[in-house]
Amino acid sequence: MRKIWSIPGGIHPEENKSQSLQLPLGEVALPSELIFPLSQHIGAPAKPIVTVGERVLAGQKIADAKGMISAAVHASTSGTVTAIEDRTLPHPSGLSGPCIVLAADGKDEFAAFEACEDYLSLDKAVLVQKIREAGIAGMGGAGFPTAVKLSPRANQPIDTLIINGTECEPYITADDILMQTQAEDIIKGTLLLAHILSQPGRIVIGIEDNKPLAIAAITQAAEGTPVEVVSFPTKYPSGGEKQLIQILTGKEVPSGALPSSIGIVLQNVGTTVAAYEAVRFGKPLIERITTVVGEALATQRNIRVRLGTPIHHVLAEHGFAEKKAMRLIVGGPMMGYALEQDDVPVVKTTNCILAPTKKEMPPPRPTQACIRCGMCAEACPASLLPQQMYWYAAAEEYDRLEAQNIMDCIECGACSYVCPSNIPLVQYYRAAKGTMRQMAIDKEKSDRSRKRFEFRQERIAKAEAEKEAKRLARKKAAELAKQKQEADKAAGVQPSGHTAKADIVATAMASAKAKQATPEEQKAKLERAVTSAEGRLEKLQQRHSDADGDMKERLAAQIKQAELKLQEAKDKLAHFTPVPTAITTVAADAPAATADPNDPVAVAIARAQAKMTMAPDEKLQANIVSLTGRLAKAEEKLAAAKAENSDKVDALQTGVDKLKEKIASAEQELAELTPSAPTATPAPEQDAAAAAIERAKAKAAAQANLSPEDKLRDQLTSINGRLEKARIKLEQAQAENTDTVAALQLGLDKMLAKQDKLRDELRALNPNAPELTDQPATAAEVAPQPAPTVDAATAAIEKAKAKADALASMSPEDKLRDQIASLETRLDKAKQRLAKAEAEDDPNLDAFKAGVEKTEAKLQQTKQQLVTSNS
Amino acid sequence: MYEYLLTHPFLAALIALVALALVFGAVLGYAAVQFKVEGDPIVDQLDELLPQTQCGQCSYPGCRPYAEAIANGDAINKCPPGGQATINAIADLLDVEAPTLDEEHGEEAEVKTVAYIREDECIGCTKCIQACPMDAILGAAKQMHTVIADECTGCDLCVEPCPVDCIDMLPVASGLSDWKWNKPPAVVENFQLIASDKQPEKDGAAA
């Protein structure tokens, strides 16, 4: 026999084990209702996989393990699931928790179990999975999922397997009877576990020496196997995991660590049998052996009971005399907990149901002061200082409790048992441990909160800084632009500044134009405004007549406001007509602009023309008109103010005077300007608008001089420019895969059609005319300019126009020659581009090639024409 | 030289002391640079003790600013979420008398709460998201918002900005996971010098 060690402390309470061993292992009848808590183990609660109303068989899984540390739950008899609800749990808290409730049908039909003869040849992972599927959790009392214990980490080789048959707590004999009746199964289960753990060097079954029958049975069964049976002197609490390891190996499990960290795995005998049955017969954990004991019962014995059986059913079967009972305890007298209700079920960890009488277990005597006798320290199996811990726990000094290693307390109750002052020491420790655990959780949460908060602050600061940086950059850019503009102005360089400005003006005009509705719509809008204002006024007046006191005054003010608004709207309507006529005259002046109001090129022209027509004199006129309008309004207001004798009269009077002055000055200016108006092209403001006006004017003049053919050609050129732009837009849209692709494509097609039409017209007008205007389109096809903005387009127009003018003055022959020259340069350019595209493997290569070929063909054609015209 | 010093002990002592002063000065100067402590360790320690709800009930914008204020001499009893426990801990750290909670800043809550958004009523204005110091509210403009209960510290800051009042502060559900044993009643209550004198009468009758 091996050497055995001893543990410090420990006590020898009355054993009381004989009462339940007088009768053989019994059975209880099936109850009508069974309750299966989803959390019968340490770890995450199981997840129900049945629905209410479903019929289940005995052994059928009704809840699945959720997560790594969890265990499945199985029905222990056949029946119907009647509810999945919160029921009182077998827990010291007396709290409720989710349970599956099963109404037994009494047939007790079993699901088919998958037996396995040759289980030792199976893969270890498969065996562990079988144990996991069977829902086995430690049956000694803690309920730690067995499968987890059997899969130690790779860096923790297991050299010792200990099977715990100690059962040190008084009264409990469930493991004793199991060892007596199922010794063979225990040995087989032990060998199975050893196999799963890769045959550790030492396999021990530890049994206290107060169970001679069990020792004899196990020793006999273990003969010829590597399983060692060790018995050792009875002492409470030898059956604790850490204590038993110390007794059998002399090693101490480090504080806060698991036994596997020193290469040891410990399992209860009940768990061992359950694991064996699960692997060998495929039987899940649906029943266990429980000691039913206590003087308040007529029959005291061990029973094999289905899990989920309500405790009141078990008690009823054993002649429970409620009057005699002092209380009801689940577990042993040392570590068990009192039940407040007896409708809780037997679960995987229920090893004893104790119903003592008052005589058997008198109520605790009144607590007295600690006399510092030190007996608790002598009894403590974990070598702690219970007395110190008691002081600190009472004073809630958790730092000091930590320093006293309170977390190593196994809550065995030995200190409370020996305390002459009857201090419920363990209860203090349990409370303190609970609080400390909660504090640790709170601390973790507050640390997380701090991190989140700091991160948020950082993020906000960053966003703020980015915004600030952007703002500064914009400011700087604006300043730079201003400086540059000033420098340009000083140097007299107009064009560079003007294009940018012209751009802005153009877009602004375009958007304004887009916003501007047709005159009819505008008028309708104004009319609507008038009607609504009238309606409002009427309503207000109505309310005014109904209201009284404060409300009346307020309403009166509102009515006044509404009246003013109505007046304004009416004025607007009256002054409305001139505006649209101005627009229409502009439109009539610019046939090119009528083509497409949405096209920026056309808009730019229209804008320039509008400015031109508005040029100094008209501008002044418009100014005068608007000023007169304002004057009229101001005078009206003045009159109203005078009528009401308001104190605003003076202010209004000065306003009216000022307006009159302004009108006078504007009229004077107009008078000065009118004579010089026709030649007043260099407007006083040397800005982009003026330049644009000039350009547009030049264009208008040129247009007037153009022959119909030239006009057409001009239009064709412009449409080519637009076409080019539209293509680029389409390409962009395609690249970005926007939903405007279809619309753009449609626009492009339309434009192409227009181009064709124009070309046809041109041809009809002048059959000899070479198809000059086709070129830009091809060029666009060959190499779309990456950013032909409005300026580029207008530039193209100007260029084309200049060319048209030049052509008009040329002889046909010269024209042709000129064309040939231009075509040749274009061809050269196209070829260069093609070469470049080839080098870069451009996807538009084919298009480039086609373009070059086309240009070549055209060149040939033009040369031919030249020859014919010469001859 | 040596002879000279022997004959002039005062000068010798002076030289020795100056030499020592220089050596220690150098060592201290080096240590001051090499082992310089970044930040304010007392503020960090105080910040550790505060509950990190960032609720602002102390009138500082968050727990750390309050920790800084305490380090600069502000009162330590302005934190209702931390309650008396936090005040005691801070008093321990600073070695001062622990005052009671300043009621001006609010009362210690009996139960912890978390924000809960009645999602049917949420209009998706994102105001609570902007108010949450913990980034514990999820949602987007015109989309329903919801609170990540695990991250919510129950600071109440989201309740005020909600334009439709659809945020409730619900007590945290307590269950098995956070159940703990009660501390037994204090011994003094029951204290008798001779316990047997005060046995309950029933027992006496039974005996």
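These numbers were taken from a predicted model, which means no experiment stands behind them.

K.L.:
I tried to follow the sheet that holds strand β9 (residues 160-164) of chain A on my own but got confused; where do I start?
P.N.:
Remark on secondary structure: sheet strands pair via backbone hydrogen bonds, oriented parallel or antiparallel. Residue and element names in this part refer to chain A. Strand order in this open sheet of four strands is β11-β10-β9-β12, and the pairing throughout is parallel. Each edge of the sheet is formed by a strand with only one pairing partner; in this case those strands are β11 (227-232) and β12 (264-268). In this sheet, neighbouring strand axes are inclined to one another by 25 degrees on average, regardless of whether the strands run parallel or antiparallel. With five bridges connecting them, β9 and β12 associate as parallel partners. The residue bridging Ile 162 from the neighbouring strand is Leu 266, located in β12. Its contacts with the sheet put helix α6 (residues 241-249) on β9, β10 (202-208), β11 and β12, and the angle it makes with β9 is roughly 120 degrees.

K.L.:
Looking at this model, I keep getting lost on the sheet that holds strand β3 (residues 47-48) of chain A. Mind explaining?
P.N.:
With respect to topology, three strands assemble into an open sheet ordered β3-β5-β6 (chain A), the strand pairing being antiparallel. At either margin of the open sheet sits one strand with a lone partner, and together these are β3 and β6 (73-74) of chain A.

K.L.:
What is the right way to read a negative patch on the surface from this model?
P.N.:
Taken together, Asp 399 and Glu 402 of chain A together with Asp 92 and Asp 95 of chain B make up a surface patch of like negative charges. Exposure remark for Asp 95 of chain B: the relative accessible area of 68% places this residue in the exposed category.

K.L.:
What exactly am I supposed to notice about the UniProt feature "binding site: [4Fe-4S] cluster 1" (unreviewed entry) in chain A here?
P.N.:
Residue and element names in this part refer to chain A. The residues that UniProt annotates with the feature "binding site: [4Fe-4S] cluster 1" (unreviewed entry) are Cys 370, Cys 373, Cys 376 and Cys 419. The greatest C-alpha distance among the annotated residues, which extend across 50 residues, is 10.7 Å, indicating that they converge on a single site. Not counting residues within four places of it along the chain, the set of residues in contact with Cys 373 comprises Gln 387 and Pro 420. Assignment of secondary structure puts Cys 419 in the loop between α12 (414-418) and α13 (425-491). Residue class for Cys 419 comes out buried when judged on its relative accessible area of 12%.

K.L.:
So what exactly am I meant to see when it comes to the confidence of the model for chain A here?
P.N.:
Detailed conclusions should not be drawn from predicted coordinates in areas where pLDDT is low. Residues and elements named next belong to chain A. Put simply, chain A has an average pLDDT of 81, and 79% of its residues get 70 or more. Across chain A, the secondary-structure element scoring lowest on mean pLDDT is helix α18 (residues 591-594), at 41, and the one scoring highest is helix α9 (residues 375-379), at 95. Under a pLDDT of 50 for its full length, residues 578-597 has, in the predicted model, 19 contacts with residues more than four places off or in other chains. Low confidence marks residues 676-686, where pLDDT is under 50. Its contacts with residues over four positions away, or in another chain, come to six contacts.

K.L.:
So what exactly am I meant to see when it comes to the pattern of salt bridges here?
P.N.:
Pairing between side chains of opposite charge can happen when the charged atoms of each approach one another. A complete count under the given rule lists 39 salt bridges over all chains for this structure. Where Glu 33 of chain A meets Arg 87 of chain A, a salt bridge forms, and the shortest distance between an N and an O atom there is 3.5 Å. In this pair, Glu 33 of chain A sits in strand β2 (residues 33-37) while Arg 87 of chain A sits in strand β7 (residues 79-88), placing the two residues 54 residues apart along the sequence. The partner of Arg 400 of chain A in a salt bridge is Glu 397 of chain A, and the shortest N-O contact between them spans 3.3 Å. Classification of Arg 400 of chain A as partly exposed rests on a relative accessible area of 45%. By relative accessible area, Glu 397 of chain A is classed as partly exposed at 32%. When salt bridges that share partners are traced, they join Lys 443, Asp 447 and Arg 450 of chain A together with Asp 44, Asp 47, Glu 48, Arg 64 and Glu 68 of chain B into one network.

What counts and how
- Residues numbered from 1 in each chain as written.
- Chains lettered and ligands numbered in written order.
- Predicted model: local features only at pLDDT ≥ 70, side-chain atom pairs only at ≥ 80, totals over all residues.
- Heavy atoms only, no water.
- Pairing = 2+ DSSP bridges.
- Helix = DSSP H or I, 4+ residues; strand = E, 2+ residues; numbered from the N terminus.
- Axes fitted to C-alpha atoms, helices over the stretch in contact; angles between N-to-C directions.
- Contact = heavy atoms within 4.5 Å.
- Patch = residues over 30% accessible without salt bridge, like charges linked within 9 Å, V, L, I, M, F, W, Y side chains within 5 Å.
- Areas by Shrake-Rupley, 256 points an atom, 1.4 Å probe, with all protein chains shown as cover.
- Salt bridge = Lys/Arg side-chain N within 4 Å of Asp/Glu carboxyl O.
- Lys, Arg positive; Asp, Glu negative; His and termini not counted.
- Charge placed at Lys NZ, Arg CZ, Asp CG, Glu CD.
- Buried < 20%, exposed > 50% of the residue type's maximum accessible area, 1.4 Å probe, protein only.
- UniProt positions renumbered as here; feature names shortened; annotations may be inferred.
- pLDDT = per-residue confidence, 0-100.

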